[in-house]
Structure formats: structure tokens, C-alpha cells
Amino acid sequence: MRILVDMISRRLPLLIVLVAIFTFLSPVYWKVAPWVPSLLLGVVIFFAGLSMNISAIKGIRAKKKELFLAVLLKWTLTVFVSIGLAYGFFSSKPEIAAGIILAGTVPSGTAATLYTFLAGGNASLVIAASLLDIAISPIVTPLAMLGLSGSQITLSFFKLLQSFFFIVFLPLGIGLVIQRLLPQLASHSRLITRFGSSLALLLIIHTIVGHGSKAISLELDILPLIVVVTFIQVVFPMVAAYFIAKKLSIGEEDARALLFQVGLCNSALAAILAFEFIGELAAIGPMVNMIINLSVGSMIANHFVKSDKIASKKSSITQRFEFNSGKNVR
């Protein structure tokens, strides 16, 4: 079971691409009620709450500067880049533009925490910042779409808050309560969490792509542009956040946390909200965003792991050389 879960987790970006392509090309897909993808994402967030390290988050009080910077960059840099790209490239297609904006104005995803942990970053900082994201997002998202033309682009603050409550707040709260009441269950649930989260994400992609396949086929000519725009939307905030953090003398672990926190949004939530409130076309951007942020996030996390191993080997060799040099002198 563990081998299967490890294989799915490592290859999740590729599996998402394959599921999306297969679903789009297949005449048959799992037809579900509109609330099912929301329920599936709620399951993912429930598992995140169940496995969240609360004691580590409490220690983040000593990182107020880093936490403030993470939240500030997320809700300025990422949001403005998303709005600029949406208006600059898709002003004539308000549904697609709305999806691009949604993908940049939702809270950070669970992938941000995972990749930060794998990269040797401060995962507690990401978790604390993402909790603040949940409170900020329902306010910023409708405001970011005010300039879009088209009567179909209407996003009510109260409806969005309602969706956040049932998809994010409630599942996360239940997970945290169960973790507090049954701490042993939380410690033994990590394998189930990884498997359940991965499977739920794949099912979300399948159901949304299947339902919107006809609408997507009408916009295939601009799909390459959506991919390029979304790549910039993901990568630029990540690189900029890391560069800014290093310029401000933020520690390496916290700088890595900022990189993933700022760049990796919960695009599955954005796809569901786009699908629910706007239409099938609006979900294209968030789905492409999900593929790119998982893939790029995995590559960057692996890069940090390799660089740390190389640095560790160099340090070990240097220590041996200095030790042997000292022995020879004596």
C-alpha cells in the first residue's frame, strides 16, 4: 500500500495531465451533481486539517516579520500579476480572465505545505499564512473581478463566503477537532491522507473536465496562450518572493517557505468556484494552473533537495580535509 501511495504522490502532476487528456478525449465520463467536486475538495482539506502540526504553528509567533511578508506578497504580488495577465491577454474573453484571476486569489494549496516540507523549508510558516489566506480570499476575489465586462461575471461576496465555509472552513475545522480529540488517529492517518488527497484531486479534474469538455473544445485555439500565461502566473511570484526574501535577509528555510506559499495557490478550489459561479470556460485556467504549479513545485523542491545534498557532501569533505590537515600538523 505504501509503495502505491508513494508512486501516486510522486507522479501526481503527470497523472493529472493524463486524467485531463483522457477525460477530454473520452465520450464517457463520471457525471455527477455540481456539489460533488466541492465535497471531494472538502475531503482533501479535511485530511489537511487532520494532519496539521498545530504545536509547530504556535511557535510561529517568533516569525512575525516572515509571516507578514508571506501574506503581503501573496495578496499583492500574486494578485496583481494574476489581474495584469487576465486583463492583458483575455480582456475580450471575460470568463477565461475570471478563471485566471480566481487561480491567483484563492488561498495557498496543500501542495505549498508539502513541497515546502520536502524542500527543507519552514512548513509551519506556510500553514500559518494559509490560515490567514482563508480569511482574506473571500474579500479580495470579488474585488479583483470588478473591472471584467460581461453580465455573466458576477461573484457575490456572501455566496463566495458560503462556499468557503462548506468547502474550506468546515472540513478544516472538523479535521482539527478530530486531531485534538484523537491525536493517535492523526499520527496514523498520514498514509491515508496522501492517498485520499491524491485520489480526490484526480476525481475533481475528471469530473470538471468531463462536464466542460464541449466548452473547452471551442477554445482549443487559445489553449497554448492560457498555458504560457498560467506558467508566468505561477513561476514569476515564486521566483520574485524568494528573491525579495533573500534581499531582506530572511533565513533560507523561511525564504523557501515564502517561495511556495506565494506561488502555489489552491487551484483545485479555484476550478470548483469558477465552475460553480461562472462557467466551464472559467475552469480552464485554474486546471492548467494546477498542473503547472504541481509540476514546477515538484521540480523546485527536488532542486533544493539535490542542492542540500551537494552542500552536505562538500561540507563533509571539507571537514575531513581540515581534520586530516590538523593531524598532519601535529
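Everything below is about the structure printed above this text.
The structure contained in this document is the topic of the report that follows. (Residues numbered from 1 in each chain as written. Predicted model: local features only at pLDDT ≥ 70, side-chain atom pairs only at ≥ 80, totals over all residues. Heavy atoms only, no water.)

Turning to the packing of helix H5 (residues 64–90) against helix H6 (residues 94–105), a few remarks are in order. One way to put it is that H5 packs onto H6 with a least axis distance of 8 Å and a crossing angle of 170 degrees. Judged on the interaxial angle alone, H6 and H5 are roughly antiparallel. Relative to H6, H5 is oriented so that their crossing is right-handed. Taking contact as the criterion, the partners of Lys74, Trp75, Thr78, Val79, Ser82, Ile83, Ala86, Tyr87 and Phe90 in H5 are, on H6, Pro94, Ile96, Ala97, Ile100, Ile101, Gly104 and Thr105. Within the contact of H5 with H6, the residues separate by chemical class into 11 nonpolar, four polar and one charged. (Axes fitted to C-alpha atoms, helices over the stretch in contact; angles between N-to-C directions. Helix = DSSP H or I, 4+ residues; strand = E, 2+ residues; numbered from the N terminus. Parallel < 35°, antiparallel > 145°, perpendicular 65-115°, else oblique. Left-handed = near helix turned anticlockwise from the far one by under 90°. Contact = heavy atoms within 4.5 Å. Nonpolar A, V, L, I, M, F, W, Y, C, P; charged D, E, K, R; others polar.)

Before going further, it helps to spend a moment on the pattern of salt bridges. Under the definition given, this model contains three salt bridges. A salt bridge links Lys63 to Asp254, with the shortest nitrogen-to-oxygen separation between them at 2.7 Å. Within this pair, whereas Lys63 is found in the loop between helix H4 (54–58) and H5, its partner Asp254 is found in helix H13 (residues 252–263), the two being separated by 191 residues in sequence. You can call Lys63 partly exposed: its relative accessible area is 27%. In this structure, Lys246 engages Glu252 in a salt bridge whose closest nitrogen and oxygen atoms are separated by 2.8 Å. We classify Glu252 as partly exposed; its relative accessible area is 26%. The network of salt bridges with common partners includes Lys246, Glu252 and Arg256. (Salt bridge = Lys/Arg side-chain N within 4 Å of Asp/Glu carboxyl O. Buried < 20%, exposed > 50% of the residue type's maximum accessible area, 1.4 Å probe, protein only.)

Another point: the environment of Gly212. Summarising the element assignment, Gly212 is placed in helix H11 (residues 190–217). Accessibility expressed as a relative area gives 3% for Gly212, which makes it buried. In this structure, the C-alpha to C-alpha distance between Gly212 and Phe24, residues 188 residues apart in sequence, is 8.6 Å.

Now for helix H7 (residues 110–118). For H7, the full list of buried residues reads Ala111, Ala112, Tyr115 and Thr116. Along the long axis of H7, the arc covered by the buried residues comes to 130 degrees, so they all point the same way. Once H7 finishes, Gly120 follows within two positions and takes phi at roughly 80 degrees, a positive value. (Arc of directions from axis to C-beta.)

This paragraph deals with the packing of helix H3 (residues 35–51) against helix H14 (residues 267–277). Packing of H3 against H14 leaves a shortest axis separation of 10 Å and a crossing angle of 160 degrees. Relative to H14, the element H3 is oriented roughly antiparallel. Considering the relative orientation of H3 and H14, their crossing is left-handed. Across from Pro37, Ser38 and Leu41 in H3, the residues of H14 making contact are Ala268, Leu269, Ile272 and Glu276. Partitioned by chemical class, the residues of the contact of H3 with H14 number five nonpolar, one polar and one charged.

Mapped onto the fold, Asn122 is located in the loop between H7 and helix H8 (123–144). Take Asn122: its relative accessible area is 13%, and that puts it in the buried class. A polar contact is formed between the side chain of Asn122 and the side chain of Asp254, at a distance of 2.9 Å. Setting aside residues up to four positions removed in sequence, Asn122 forms contacts with Ile60, Lys63, Thr116, Glu253, Asp254 and Ala257. (Polar contact = N/O pair within 3.5 Å; in protein donor to acceptor, adjacent residues only side chain to side chain.)

Attention now goes to a nonpolar patch on the surface. Taken together, the side chains of Leu161, Phe165, Phe166, Phe169, Leu170 and Ile174 define a hydrophobic patch exposed on the protein surface, amounting to about 500 Å² of accessible area. Locating Phe165 in the fold gives a position in helix H9 (residues 157–181). (Patch = residues over 30% accessible without salt bridge, like charges linked within 9 Å, V, L, I, M, F, W, Y side chains within 5 Å. Areas by Shrake-Rupley, 256 points an atom, 1.4 Å probe, with all protein chains shown as cover.)

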